[in-house]
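Chains, contacts and geometry: an overview
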Amino acid sequence: MFPVHQRISSADSNTSSSPVSSGCEGFNFRTFRWTQTMLFAIEEINRRTDLLPDTDLGYVIYDSCFTISKAVEGTLTYLTGQDEAVPNYRCGTGAPLASLVGAGGSDLSIATARILGLYHFPQVSYSSSCSALESKFQFPTFLRTIPSDHHQSAAMAQLVLHFGWTWVGTIAADDDYGKYGIREFKELVEEAGVCISFSETLPKVSSPEDIQRIVDTVMESTAKIIVVFSSDVDLSPLIVELLRHNVTNRTWIASEAWVTSALINQPGVSSVLGGTLGFGVRRANIPGLQRHLLDTDPYADPLNVEFWETVFNCTLDYRKALKQTREVSMSASGTLSRGVRGVPDGLCTGLESLKQLNNTYTDVSQLRLTYNVYKAVYAVAHALHNLEHCVSGQGPFNRNSCAEISNFEPWQLMYYLKNVHFNVPHTEEEILFKDGDIDGYYEIINWQVRGEGSVSYVPVGTYNGTAPHQARMTILNESIMWNNEVLDPPRSVCSEDCQPGTRKGIRQGEPVCCFDCIPCAEGEVSNTTNARECIQCGEDYWSNVARDTCIPKTIEFLAFGQPLGITLIVISAFGALVTIAVGGVFIIHLGTPLVKANDALLSFSLLFSLMVTFLCSIVFLGEPQPWSCMTSQVALALGFALCLSSIMGKSVVLMLRARALKVARTKAKAVAKVGKAAAEAADNSGSPDVIVTNTNNNTDGCVGGNPEVDILTFTHQRVIAVVATLIQAVACTVWLIILPPYPVKNTAAQNVKIILECDEGSVVFICCIFAYDILLALLAFIFAFMARKLEDHFSEAKSMTFGMLVFFIVWISFVPAYLSTRGKFMVAVQIFAILASSFGLLACIFLPKCYVLLVKPERNIEERMRPRSKPRDGMSSGTSASLATTATEVNATTASTAIDD
């Protein structure tokens with residue numbers, strides 16, 4: 001059974017008469033070559049003496065017309081043995097039927113195999129590759145000499161993956177061959193991550209609208225690779241339309257059914273199909289076949305007659321030729337010419353030479369399906385040979401019986417067909433059916449355009465479905481000529497690959513192969529192509545600029561050797577040296593009134609605390625260590641505690657003196673007022689005995705303080721400073737024992753850096769400790785501010801007030817600056833605050849004293865430490881040395897009043 005014609009003629013749908021079998025049209029030279037190959041094989045077998053020596057093979061050829069209905073009709077006719085397709089089993093006579101070779105298409109074989117399977121009648125197909133036919137439950141007697149499409153679909157999928165194509169279109173014929181083949185291909189490639197751009201179906205009955213729709217889809221799609229599972233007959237109308245629209249720049253992947261078809265390979269097709277890759281079944285040379293084809297007898301049977309008349313465009317029927325000639329002559333001139341009475345035009349003699357032809361029928365360069373027909377005939381012949389030479393008593397049937405070659409049942413031959421094992425003549429290919437199938441072996445064929453525009457089929461690789469998975473496909477990439485003669489494989493992707501440093505972002509509503517490349521976020525990397533997610537870098541690492549590698553974060557701390565660190569060290573050392581110098585000046589002038597008046601011991605403790613604060617700022621530099629974290633904070637807290645407590649001790653005495661002076665001044669004013677009133681009264685009375693004494697003179701008093709007036713002595717001041725400092729020392733000791741500071745790696749402050757810093761251990765402790773320092777500063781400032789009007793020639797209260805103002809201004813400015821910086825600059829801000837506040841206190845408190853001691857030594861005398869004169873308004877300004885004078889005034893006024901009395 002061969003599809004010698006491409007389609008059936010349009011049938012009459014009139015049901016008023018008995019239905020008749022439809023005729024066929026569209027003679028196919030390629031499939032007619034298959035029929036001649038079967039005849040050649042039968043004749044070759046009948047001539048052999050080693051294969052069926054005592055039996056001749058016969059044949060009956062049925063034309064399926066590439067239509068299921070005709071295939072079923074031929075099957076029924078074959079089974080019944082009658083000229084009509086009546087559903088009765090074997091009413092004919094003659095030699096037994098052996099096997100059906102055919103039916104020339106997967107959907108045709110499926111239809112015939114269902115019928116033949118009912119009677120266990122063997123069927124050997126040469127071109128039905130649909131994977132659905134693998135089911136022995138549905139098709140128990142079906143065998144084939146062409147590999148199953150299961151292998152071809154896998155081969156196509158592996159080819160697509162080999163070249164990295166992820167965006168392909170598919171076109172399949174509207175039959176079992178196309179549907180099953182393309183479905184299995186889709187499953188394999190989609191599982192591997194390939195996306196299908198479009199999927200179209202070729203109509204079995206040519207429809208211009210459907211063909212145009214498919215052409216539009218191909219033109220609009222961005223897919224450059226199109227996989228086609230179809231026969232040449234179904235695909236031919238689409239190729240014609242693609243040529244008309246000049247659709248180029250596509251690479252086609254061809255199934256075996258059309259990869260070497262002359263029906264497709266027409267002149268001009270190279271612009272569309274050049275560079276096509278396809279899978280062809282095993283090719284072979286069959287010696288003697290071409291001679292057999294050229295020696296075809298035009299009168300042997302109706303098929304030969306039709307072939308001859310079609311190929312030479314003539315007729316072998318004299319009467320038909322004469323009738324046609326007369327009709328042409330009458331239509332041209334209206335009369336019959338003398339030439340009509342001779343040999344009519346268009347008459348074939350039957351002696352025409354087929355050697356002059358150059359068509360598919362005589363082309364034996366690509367014998368693939370033709371070779372399958374040859375193998376199918378030999379498979380049946382070897383099965384019959386084994387059946388014929390069965391040894392009685394050793395047979396495979398009931399009671400070891402054998403079948404008779406002249407009278408056997410189909411199921412008996414089916415046994416031998418399933419177990420046949422032979423080597424094909426001339427090629428020595430081993431044929432062994434495995435559940436009705438043979439090994440999946442294909443040649444990979446490339447359509448390469450020659451100089452004159454013709455297409456040649458060039459093998460560029462092989463596929464062996466039985467080999468290990470990694471070794472199944474062998475392909476020579478450099479031998480492939482792509483579309484438009486390009487040497488590099490085309491790219492067919494919906495979206496270009498996402499490079500390292502980016503990740504794939506899925507587009508909503510589109511296939512997974514269509515995506516956007518989204519850069520990785522900071523701190524995340526991707527080091528592979530088409531990464532689905534970015535990887536978070538470790539805690540101590542950060543992403544580089546390209547976001548494809550995690551690199552170690554920069555370690556940051558304020559090092560000694562950095563310019564900023566060196567500057568701070570120099571400033572700190574300078575401050576410490578200045579402090580030591582001031583202490584030296586005080587030691588040199590230790591016995592002078594100025595130094596004695598300011599309690600030298602408290603002054604030295606204040607200078608020592610300032611030197612500690614200057615030097616402790618250096619401990620903040622360098623890589624944080626456990627000892628440095630504890631030392632820096634504790635030294636700073638204790639240094640400021642000693643400094644502020646010393647200032648507080650000084651200022652509290654001055655504040656008390658100022659208050660005592662104010663009380664004494666109030667009493668003096670009251671006594672003076674009483675004395676003045678008595679003097680005026682005496683003056684008015686004219687008494688000569690009244691003596692008026694001037695009580696506004698400034699007598700000498702004690703500079704260092706009058707024991708009768710000073711509530712707190714120098715000893716009390718020192719005790720205040722020591723106790724206040726001890727409280728801070730105890731708090732710091734508890735802090736260091738319970739929750740001491742320790743070095744940490746701060747990875748949260750800045751993304752690209754690891755900041756080495758000290759963790760305070762306990763926020764509560766450090767807040768309490770520095771809150772205590774702030775409390776001391778507030779008390780010292782309040783006491784100094786209250787004593788600011790206690791003026792000597794040298795005003796220490798004002799100096800301490802300005803010093804504390806500078807201290808507060810520095811640290812109030814420090815807080816926002818400290819909170820707005822990170823890393824080593826935060827440490828630098830803290831050191832600057834320490835140094836600025838220390839310099840402020842040193843300058844405000846000790847600079848005026850040093851000025852007097854060094855520049856104006858004439859002022860460093862006891863007289864200069866005494867109170868100044870009263871202002872013009874008669875109101876005395878209080879000084880640190882005027883309290884004794886005020887007491888003297890009070891006593892003088894009292895004495896004057898007594899004399900007056």
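Now for a description of the structure that goes with this document. Just so it is clear, the structure is predicted and the values come from calculations on it, not from any experiment.

A closer look at the overall build of the protein chain
Check the secondary structure of the protein chain and you find 23 helices and 24 strands. Going through the 901 residues of the protein chain one by one, you find that 49% of them count as buried. Intrachain contacts of the protein chain at a sequence separation of at least 6 include 69% that bridge at least 24 residues.

So, the sheet that holds strand β8 (residues 225-229)
Taken in spatial order, the eight strands make up an open sheet running β7-β6-β8-β9-β10-β13-β14-β15, and their pairing is mixed. Two strands bound the open sheet, and with one partner strand each, they are β7 (195-202) and β15 (473-475). Strand after strand, the sheet turns through a mean of 25° between neighbouring axes, direction not considered. With four bridges joining them, β8 and strand β9 (residues 251-254) adopt parallel strand pairing. Directly across from isoleucine 225, in β9, lies its bridge partner threonine 251. Here helix α4 (residues 149-162) sits on the sheet in contact with β6 (167-173), β8, β9, β10 (277-281), β13 (441-449), β14 (455-464) and β15, set at roughly 175° to β8.

A word on the pairing of β6
Counting buried positions along β6 yields seven of seven residues, so the element is predominantly enclosed. Residues Trp167, Gly169, Ile171 and Ala173 line one face of β6 and the alternating positions Val168, Thr170 and Ala172 line the opposite face, and both faces are buried. As judged from the seven bridges shared by β6 and β7, these two strands associate in the parallel manner. Its bridge partner being in β7, threonine 170 is matched across the sheet by serine 199. Pairing between β6 and β8: five bridges, direction parallel. Paired with isoleucine 171 across the strands is valine 228, a residue of β8.

Things to note about helix α14 (residues 563-588)
Look at α14: 37 Å from first C-alpha to last across 26 residues, which is about the 38 Å you get at 1.5 Å a residue. Buried residues of α14: Gly565, Leu568, Ser572, Gly575, Ala576, Thr579, Val582, Gly583, Val585 and Phe586, and no others. Of the surrounding elements, those touching the buried residues of α14 are α15 (593-597), α16 (600-619) and α21 (824-855).

Quick word on the state of the cysteines
One pass over the structure, following the stated rule, counts nine disulfides. Disulfide pairing is shown between cysteine 24 and cysteine 65; the S-S distance is 1.5 Å. Disulfide cysteine 24 to cysteine 65: torsion about the S-S bond roughly 90°, handedness right-handed. Of this pair, cysteine 24 sits in strand β2 (residues 24-27) while cysteine 65 sits in the loop between α1 (29-47) and α2 (68-80); the two residues are 41 residues apart in sequence, bridging distant segments of the chain. Relative accessible area serves as the criterion here: at 22%, cysteine 24 is assigned to the partly exposed category. According to the relative accessible area criterion, cysteine 65 is buried, its value standing at 0%. A disulfide bridge connects cysteine 520 with cysteine 534, and the sulfur atoms are separated by 2.0 Å. Disulfide cysteine 520-cysteine 534: the torsion about the S-S bond is -80°, which places it as left-handed. Of the two residues, cysteine 520 is situated in the loop between β17 (515-519) and β18 (524-525) and cysteine 534 in the loop between β18 and β19 (535-536); the sequence distance between them amounts to 14 residues.

Remarks on the side chain of glutamine 412
Along the chain, glutamine 412 turns up in helix α13 (residues 410-418). Within the structure, glutamine 412 has its side chain in polar contact with the backbone nitrogen of glutamate 409 (distance 2.9 Å). Setting aside chain neighbours within four positions, we find glutamine 412 in contact with Leu387, Phe397 and Ala403.

Concerning the nonpolar core
Ranked by internal contacts, the top residues of the largest apolar core, which has 97 residues, are Phe185, Ile253, Leu277, Phe279 and Phe307. With 13 residues, the top contributor of residues to this core is helix α12 (residues 369-388). Listed in part, the 56 residues of the second largest apolar core include Leu607, Phe614, Leu644 and Ala780.

Remarks on the environment of serine 617
With respect to the secondary-structure elements, serine 617 resides in helix α16. What makes serine 617 buried here is its relative accessible area of 1%. Along the sequence, serine 617 and alanine 833 sit 216 residues apart, while their C-alpha atoms lie 9.7 Å from each other. Contacts of serine 617, omitting those with residues within four sequence positions, involve Ser572, Ile831, Ile834 and Leu835. Among the polar contacts listed, one links the side chain of serine 617 to the backbone oxygen of phenylalanine 614, at a separation of 2.6 Å.

Let's talk about the environment of glycine 823
Position of glycine 823 relative to the elements: it lies in the loop between α20 (796-819) and α21. C-alpha of glycine 823 to C-alpha of leucine 756: the two residues are 67 residues apart in sequence and 7.7 Å apart in space. If we ignore the near neighbours within four places in the chain, the residues touching glycine 823 are Glu556 and Ile755.

Some details on the environment of cysteine 517
Note that cysteine 517 resides in strand β17. Its relative accessible area of 36% is what places cysteine 517 among the partly exposed residues. Considering only alpha carbons, one finds cysteine 517 and arginine 503, 14 residues apart in sequence, at a separation of 5.5 Å. Cysteine 517 has contacts with Glu496, Asp497, Cys498, Thr502 and Arg503, leaving out every residue within four places of it along the chain.

Quick notes on the sheet that holds strand β23 (residues 742-746)
Strand order in this open sheet of three strands is β22-β24-β23, and the pairing throughout is mixed. At either margin of the open sheet sits one strand with a lone partner, and together these are β22 (554-556) and β23. Across the sheet, the mean angle from the axis of one strand to that of its neighbour is 25°, orientation sign disregarded. Relative to strand β24 (residues 753-759), β23 runs antiparallel, the two being bridged by five bridges. Opposite valine 744, over in β24, you have glutamate 757 as the bridge partner.

A few points about the pairing of β10
Judged by how many residues are buried, β10 sits mostly within the fold: five of five residues are covered. Neither face of β10 is exposed, since Leu277, Phe279 and Val281 on one face and Gly278 and Gly280 on the opposite face are all buried. Bridge count for β9 against β10 is two bridges, and the pairing is parallel. Bridged to alanine 254 within β10 is glycine 278. Where β10 and β13 come together, five bridges link them in antiparallel fashion.

Reading the values: the criteria
- Residues numbered from 1 in each chain as written.
- Predicted model: local features only at pLDDT ≥ 70, side-chain atom pairs only at ≥ 80, totals over all residues.
- Heavy atoms only, no water.
- Helix = DSSP H or I, 4+ residues; strand = E, 2+ residues; numbered from the N terminus.
- Buried < 20%, exposed > 50% of the residue type's maximum accessible area, 1.4 Å probe, protein only.
- Contact = heavy atoms within 4.5 Å.
- Pairing = 2+ DSSP bridges.
- Axes fitted to C-alpha atoms, helices over the stretch in contact; angles between N-to-C directions.
- Expected span 1.5 Å × (residues − 1).
- Disulfide = S-S within 2.5 Å.
- Polar contact = N/O pair within 3.5 Å; in protein donor to acceptor, adjacent residues only side chain to side chain.
- Core = buried A, V, L, I, M, F, W, Y, C linked by side-chain atoms within 4.5 Å.

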